[in-house]
Amino acid sequence: MNNGMLNTAARAARIAGKIILRNFEQADLDVAEKQKNDLVTNIDKECEKAIFDFIGSKYPGHRFLGEEGGAQETRQAPETEAAKTRKPGLGKASGDHLWIVDPIDGTTNFVKGIPHVAVSIALQINGVTELGVVYDPIRDEMFQALRGQGAVLNNRRLRVTDAMGLDGTILATAFPHRKRELMDSYTAILMRVFKECADIRRAGTASLDLAYVAAGRLDGYFELGLKPWDMAAGELMVREAGGIVADFKGGNDYMKSGSVLCGNPKIAKRLVALAREDSANL
Ligand code: IPD
Ligand code: CA
Ligand code: CA
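These numbers were taken from a predicted model, which means no experiment stands behind them. (Residues numbered from 1 in each chain as written. Chains lettered and ligands numbered in written order. Predicted model: local features only at pLDDT ≥ 70, side-chain atom pairs only at ≥ 80, totals over all residues. Heavy atoms only, no water.)

Our next topic: the site of ligand 1. Ligand 1 sits among 16 residues. The nearest are Asp-105, Gly-106, Thr-107, Arg-178 and Glu-223. Taking Arg-202, its side chain carries an N or O atom lying 3.1 Å from an oxygen atom of ligand 1. Notes on ligand 1: free accessible area 370 Å², of which the protein chains cover 96%. Judged by the fraction of its atoms near the pocket grid, ligand 1 is located in the largest pocket. No other element matches strand S5 (residues 97-105), which puts three residues into the shell around ligand 1. Of the residues belonging to the shell around ligand 1, the class tally is four nonpolar, five polar and seven charged. (Near = heavy atom within 4 Å. Polar contact = N/O pair within 3.5 Å; in protein donor to acceptor, adjacent residues only side chain to side chain. Areas by Shrake-Rupley, 256 points an atom, 1.4 Å probe, with all protein chains shown as cover. 1 Å grid on protein atoms, 1.4 Å probe; cavity = no way out; pocket = protein on both sides within 12 Å on 5 of 7 lines; lining within 4 Å. Sits in = over half its atoms within 2 Å of the grid points. Helix = DSSP H or I, 4+ residues; strand = E, 2+ residues; numbered from the N terminus. Nonpolar A, V, L, I, M, F, W, Y, C, P; charged D, E, K, R; others polar.)

Given below as structure tokens:
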């Protein structure tokens, strides 16, 4: 796998990863609540800025959607000497390139000192996700995917599991902690799924849940209430590892609705069958 933009994404993720490691379990974190049960720290903001500055220095004019930047913005990075002399082609300014960034996925884990966090960076060109990286700085695991060229973990090719059905499977999920009005629909689905699988994890970092499905560590995953930056990189990874990603109705609307499920084709199909009944408002 060799692509300049993918390398840029991976390098940006490592820069943020170093900041995360340096500040992990530090007592003087500046923690704020953006809304109820939704934390942000000074380190989330520092990581996002470092990622935007690094990618922006390579690709001035590309657009950025970052969790901590709030809305979509066009960021004109200060022009470097390299940018001034760069040939057209890769790196040429273009409004069609959108980087979708979660600088720390798993902020609550980060605040609590739970060592399960990631940096998630995806690039969409003309609305199509072309590449994604999910970097776990604690374990130094770099998950990368390039559309049409597969997904790797530290250069090892990824493949979803070959489970034939939910029996014996280990899945991941998350409670709708910021959308408690969806709790009844969610618990109905959870109970139906739990009756059929071996067990379910709730680890607190959506991008790693997706990357772990791609890596075959988990057989499947479902969550509702996600944002594009939680899943843009991870969903490409699952698809490039041979998995299916869908919304709770079995469609492709998950980036908009925030309700996502995945696994190999058989697992995804079964999850849709179990979710559909309660998916009216999801
Ligand atoms: C959260 C994590 C968590 C998921 C939440 C996300 P954040 O992202 O990915 O696992 O359950 O839905 O919002 O806020 O830590 O970046
Ligand atoms: Ca997130
Ligand atoms: Ca985040």
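Okay, the environment of Phe-248 next. Locating Phe-248 in the fold gives a position in the loop between strand S14 (244-246) and helix H8 (254-257). For the pair Phe-248 and Cys-262, spaced 14 residues apart in sequence, the C-alpha separation works out to 9.8 Å. Among all residues touching Phe-248, those that are not within four sequence positions of it are Ile-189, Phe-222, Glu-223, Leu-224, Ser-259, Val-260, Leu-261, Val-272, Ala-275, Arg-276, Ser-279 and Leu-282. (Contact = heavy atoms within 4.5 Å.)

An α-helical segment advances 3.6 residues per turn. Residues three or four places apart therefore align on the same side. Here helix H1 (residues 4-23) contains 20 residues, and its C-alpha end-to-end distance of 29 Å stays within 8% of the 28 Å for a straight helix at 1.5 Å per residue. Where H1 begins, the capping side chain belongs to Asn-3, and its oxygen is found 2.7 Å from the backbone nitrogen of Met-5. Of the residues trailing H1, Glu-25 is marked for its positive phi of about 60°. (Expected span 1.5 Å × (residues − 1).)

Around the calcium ion (ligand 3), the donor atoms from the protein are Glu-67 (OE), Asp-102 (OD) and Ile-104 (O), and they sit 2.2 to 2.3 Å away. A distance of 3.8 Å spans the gap from the calcium ion (ligand 3) to the calcium ion (ligand 2), which Asp-102 bridges by coordinating each metal. Of the two residues, Glu-67 sits in the loop between strand S3 (63-66) and strand S4 (73-74) while Ile-104 sits in strand S5, which places them 37 residues apart along the sequence. With respect to burial, Glu-67 and Ile-104 carry one shared label: buried. (Donors = N, O, S within 2.8 Å, 3.2 Å for Na, K, Ca; no water. Buried < 20%, exposed > 50% of the residue type's maximum accessible area, 1.4 Å probe, protein only.)

These figures capture arrangement, not role.
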